[in-house]
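Each chain, written out:
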Amino acid sequence: QVQLVESGGGLVQPGGSLRLSCVASGRIFGAYMGWFRQAPGKERDFVGWITLNFGNTYVADSVKGRFTISRDNAKNTMYLQMDSLKPEDTAVYYCAAVAGVLRRGPDHLAAYDYWGQGIQVTVSS
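Just so it is clear, the structure is predicted and the values come from calculations on it, not from any experiment.

Engineer: Could you give me a rundown of the pattern of salt bridges, with the residues and numbers involved?
Structural biologist: Summed over all chains, the structure comprises 3 salt bridges. In this structure, D113 and R103 form a salt bridge, with 2.8 Å as the shortest nitrogen-oxygen distance. Of this pair, D113 sits in the loop between strand 9 (91-97) and strand 10 (114-115) while R103 sits in the loop between strand 9 and strand 10, and the two are 10 residues apart along the sequence. Overall, the relative accessible area of 34% leaves D113 in the partly exposed class. Beyond isolated ion pairs, a larger network of salt bridges with shared partners links R37, R66 and D89.

Engineer: Just give me the short version of the nonpolar core, but keep the residues and values in it.
Structural biologist: Counting 29 residues, the largest nonpolar core has L4, M33, W35, L80, M82 and Y93 as its most contacted members. When residues of this core are traced back to their parent elements, those giving at least two are strand 3 (18-25), strand 4 (32-38), strand 5 (45-51), strand 7 (67-72), strand 8 (77-82), strand 9 and strand 11 (119-123). If near-sequence neighbours (up to four positions away) are discounted, M33 is found in contact with L4, C22, I28, G48, W49, I50, L52, M78, A96, A97 and Y112. Counting residues in each nonpolar core, the second largest holds 9 residues, with W49, A96, V98 and Y112 among its members.

Engineer: Let's hear about the sheet that holds strand 7: which residues, and what values?
Structural biologist: Across the sheet, which stays open at both edges, the 4 strands sit in the order 1-3-8-7 with antiparallel pairing between neighbours. Pairing within the sheet leaves two strands with one partner each, and these edge strands are strand 1 (3-7) and strand 7. Pairwise comparison of adjacent strand axes, ignoring direction, gives a mean angle of 20 degrees for this sheet. Strand direction decides the pairing type here: strand 3 and strand 8, joined by 6 bridges, are antiparallel. Note on strand 8: the bridge partner recorded for V23 is T77.

Engineer: Before we move on, can you summarise the pairing of strand 9 with the specific residues and values?
Structural biologist: Of all 7 residues making up strand 9, 6 are buried, and the element is well covered by its neighbours. Looking at chain direction, strand 4 and strand 9 are connected through 6 bridges and run antiparallel. The residue of strand 9 that forms the bridge with Q38 is V92. Here 3 bridges tie strand 9 to strand 11, and the two strands are oriented antiparallel to one another. Across the sheet, the residue bridging to V92 is Q120, located in strand 11. Note that strand 9 and strand 10 share 2 bridges and pair antiparallel.

Parameters and conventions
Residues numbered from 1 in each chain as written. Predicted model: local features only at pLDDT ≥ 70, side-chain atom pairs only at ≥ 80, totals over all residues. Heavy atoms only, no water. Salt bridge = Lys/Arg side-chain N within 4 Å of Asp/Glu carboxyl O. Helix = DSSP H or I, 4+ residues; strand = E, 2+ residues; numbered from the N terminus. Buried < 20%, exposed > 50% of the residue type's maximum accessible area, 1.4 Å probe, protein only. Core = buried A, V, L, I, M, F, W, Y, C linked by side-chain atoms within 4.5 Å. Contact = heavy atoms within 4.5 Å. Pairing = 2+ DSSP bridges. Axes fitted to C-alpha atoms, helices over the stretch in contact; angles between N-to-C directions.

By themselves, these observations are geometric and do not establish any function.
Put into structure tokens, the structure is as follows:
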């Protein structure tokens, strides 16, 4: 029913910026979408979420002040603006969406029903 496709990743120098996009095909009936990331050999970690109705956002402490989540409902698109990037931000970034009502907290992987394929972000000089 719903497919998510990330774009905008790539290689950037420390201190640089990238903007990731997540385009949804099909209607998302849930209230939340989120971003997660996974570094090689590590578990998939929460980055942030946004509500699709009011645009409320929340990001993890590790990226607070540097990452910003936004959405354009008319384009069925969620964005992750990443500024002041650090080498430790290097990971595969995934967007996700909740199908309906929350069944877990929106900072948990289990809350999300739809996932993109992921996109590589590499921060290196």
